[in-house]
Amino acid sequence: MLTQAPRIVTARLGYEDSHTLERYLATGGYEGLRKALSMTPEQVHEEVNAASLLGRGGAGFPAGRKWSMRRPAPTTYLVVNGDESEPATFKDHLLIERDPHQVVEGTIIAAYAIGAAQAFIFCRGEFALGLERLTQAVNEAYEHGALGESIFGSQFSLDLVVHPGAGAYICGEETALLESLEGKRGFPRIKPPYFPAAIGLYGEPTIVNNIETMSNLPWIVSNGGAAFSALGQGSSAGTRLFALSGHVRRPGWYELEMSKVTFRDLIYAEMLGGGIRHGRELKAFIPGGVSAPWFFPEHLDMGLDQEAVGKAGSMLGSGSVVVMDEQACAVRAAWRISRFFHRESCGQCTPCREGSGWIENILRRIEDGLGREEDLELLLDACDNIAPELTWPPKQTTICVLGPSIPSSIVSGIHRFRDEFLLHVKEGACPHPPDEVRHV
Amino acid sequence: MGHLSPELRSRAERMVALYPERRSALIPLCHLAQGQDGYLTEEAMEEVAELCGVSPAEVRGTASFYDMLHTEPVGRYVFAICTNIACMLAGAYEVLDHATERLGIHLGQTTEDGLFTLEEAECLAGCDRAVCVQVNHRFFGPIDEEGFDQLADDLAAGRLDETVPPHGVLNRVVRKVGLEASRRKDSTISRNPQSAGDPPVGPAAAKPEASGPSQSEAS
């Protein structure tokens with residue numbers, strides 16, 4: 001159930017004015033930075049290692065280890081990834097709008113630890129209010145002495161630019177993000193050699209970290225890495241901000257101790273999801289953004305734990321959980337997910353560009369009652385062409401992971417609900433009612 | 001040249017100066033120009049190209065990749081109705097059908113009076129407020145059929161002018177400080193000498209307004 005873990009990244013969000021400098025300073029804001037500046041960069045890095053902070057963007061790579069991988073060079077850049085676009089994910093959006101100073105403070109701490117003199121916060125373009133609040137926060141941070149020359153009287157100087165995206169899911173992929181930041185189309189780069197830590201922005205070593213990852217840093221520095229890693233269990237340390245949506249009574253964001261809280265708690269606890277709407281049964285849920293394979297009722301008692309979810313054949317990904325009740329149509333859900341990937345494929349790699357369209361069209365045909373029995377095999381064959389053998393984690397025929405996310409996101413649903421897919425074909429129509437409008 | 005107003009031109013020049021390389025300002029400048037004209041005109045793309053030191057074709061090539069940058073005129077208000085999974089489960093396609101009927105246009109079209117354009121959006125990161133709608137990238141939700149009608153009425157009557165600026169205006173907060181700091185690529189070198197020490201390994205094999213009843217209200 002709900003544990004006694006403190007709220008780390010959402011501590012301030014109970015205040016209406018959580019985005020203002022006044023509130024930030026009144027609630028311990030910029031104390032973590034002051035403490036960091038009294039330490040050496042190596043000591044700050046060590047605290048983050050001790051915290052076992054996993055990157056909160058989706059891949060879940062340890063943040064401290066990522067920092068260690070940078071190529072030694074006179075210029076290092078820090079880029080904060082706030083291009084949150086993974087469907088059903090809305091945590092970074094929340095942190096940007098409601099606690100922008102926390103993002104800025106975390107960014108300054110990270111820049112200090114890695115020795116960057118220039119940092120960027122790449123904010124998704126559709127977050128107009130977020131862009132305004134971040135810009136305001138950066139203006140205020142300069143005036144407060146937390147940015148610019150000799151931060152808080154120290155030897156450390158940093159400039160920070162808030163950079164707007166322009167609407168492209170692919171720019172959440174870190175090399176595509178860097179291309180976009182260089183004023184180009186968001187085409188992912190080929191890795192190797194373009195691992196950002198070695199060859200990143202303008203060819204210089206660049207660390208790309210997620211918004212929520214940055215938002216954890218002020219607390220970690222203030223309270224120590226050990227206090228953070230004491231929360232959660234094993235590799236899933238600390239708390240995490242989960243985004244819950246779909247057919248639950250109380251969709252919303254919930255900061256929870258990792259591993260200790262289960263999917264059943266998140267979906268059914270009165271204080272959290274409050275159960276399935278209209279008291280219906282659970283059909284399936286997506287455990288970590290639409291790129292993740294679906295889970296089913298038998299997975300409910302699993303902890304919100306990166307390793308456990310990975311071993312069970314899916315991923316905790318971006319920490320967003322979508323719930324489907326018994327009336328949801330599996331074909332329609334799979335169709336909408338594949339439509340997303342088709343629209344957002346950057347077009348560089350044939351398997352992804354063409355395959356996503358084929359998959360979308362086949363699924364649409366089945367949903368419309370025009371499908372054929374052999375369509376299921378055709379569908380799986382198209383998936384196999386993008387991610388051979390349909391393994392987990394998927395194999396890759398494309399430059400980036402958008403391609404293999406297409407099969408990963410729908411194949412588990414096809415296998416599980418094979419009969420439902422075939423019923424569409426047999427009846428020549430979708431057997432489910434239209435989606436009910438959620439009235440307010 | 002001289003398509004941008006003098007005020008926006010000087011704001012544009014300051015934006016270019018924020019980046020180690022000029023071309024990085026390309027997308028922010030496209031947003032700025034779109035804020036002046038409502039969409040990205042040929043003349044604006046030429047001026048952005050000049051400011052960034054690239055050709056107009058490169059500006060167009062970049063701009064045409066991104067959903068938010070319009071190279072054709074759009075309405076004063078662009079509705080973006082999210083239909084991705086979380087919103088779809090909350091009935092987004094029903095709301096979208098209602099919107100097309102109410103406005104009398106198909107997706108991607110603009111009403112004859114130039115007031116409204118209708119788009120089907122991908123996930124807007126507002127899933128706790130499904131069905132989620134943006135107007136000129138300002139959030140509204142949850143929205144049902146009646147909510148959509150109300151929103152369209154309020155916009156048409158100018159009741160939301162303060163929260164929803166005309167299409168293209170994105171960030172109304174101007175960067176005021178940090179403009180004079182040493183920011184060119186060459187001058188950032190060895191600016192923070194104390195941090196050069198870490199012995200890293202390389203090259204990495206690494207992969208890379210809440211309205212819902214969320215925790216703040218619950219606990």
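Our subject is the structure that appears above.
Conventions used here
Residues numbered from 1 in each chain as written. Chains lettered and ligands numbered in written order. Predicted model: local features only at pLDDT ≥ 70, side-chain atom pairs only at ≥ 80, totals over all residues. Heavy atoms only, no water. Helix = DSSP H or I, 4+ residues; strand = E, 2+ residues; numbered from the N terminus. Areas by Shrake-Rupley, 256 points an atom, 1.4 Å probe, with all protein chains shown as cover. Buried < 20%, exposed > 50% of the residue type's maximum accessible area, 1.4 Å probe, protein only. Pairing = 2+ DSSP bridges. Right-handed = clockwise from strand over helix to strand, strands pointing away. Contact = heavy atoms within 4.5 Å. Buried area = accessible area lost by both parts, 1.4 Å probe. Salt bridge = Lys/Arg side-chain N within 4 Å of Asp/Glu carboxyl O. Polar contact = N/O pair within 3.5 Å; in protein donor to acceptor, adjacent residues only side chain to side chain. Nonpolar A, V, L, I, M, F, W, Y, C, P; charged D, E, K, R; others polar.

A. Geometry of the overall build of chain B. From N to C terminus, chain B includes eight helices and four strands. Beginning at the N terminus, the succession of helices and strands in chain B can be written as α-α-α-α-β-α-α-β-β-β-α-α. Surface summary for chain B: the accessible area is close to 9000 Å², and the carbon and sulfur share equals 51%.

B. Structural context of the pairing of strand E3 (residues 159-164) of chain A. Residues and elements named next belong to chain A. The element E3 is extensively covered by neighbouring structure, given that six of its six residues are classed as buried. Pairing analysis gives six bridges linking strand E2 (residues 118-123) to E3, with the strands arranged parallel. From the neighbouring strand, Cys 123 faces E3, where its bridge partner is Pro 164. Traced from E2 through helix H7 (residues 128-143) to E3, the parallel crossover comes out right-handed.

C. Summary view of the interface of chain B and chain A. The partner chain A presents 115 residues to the 88 residues of chain B that form the contact. Note on chain B versus chain A: buried area summed over both sides is about 8200 Å², and carbon and sulfur give 56% of it. Here chain B and chain A share six salt bridges between them. In this structure, the connection of chain B to chain A is made through 33 residue pairs in polar contact (both at pLDDT 80 or more). Within the residue set of the side of chain B that touches chain A, elements represented by two or more residues are helix H2 (26-37), helix H4 (56-63), helix H5 (85-89), helix H6 (92-103), strand E2 (116-121), strand E4 (138-140), helix H7 (145-156) and helix H8 (215-218) of chain B. Classifying every residue of the side of chain B that touches chain A gives 41 nonpolar, 26 polar and 21 charged.

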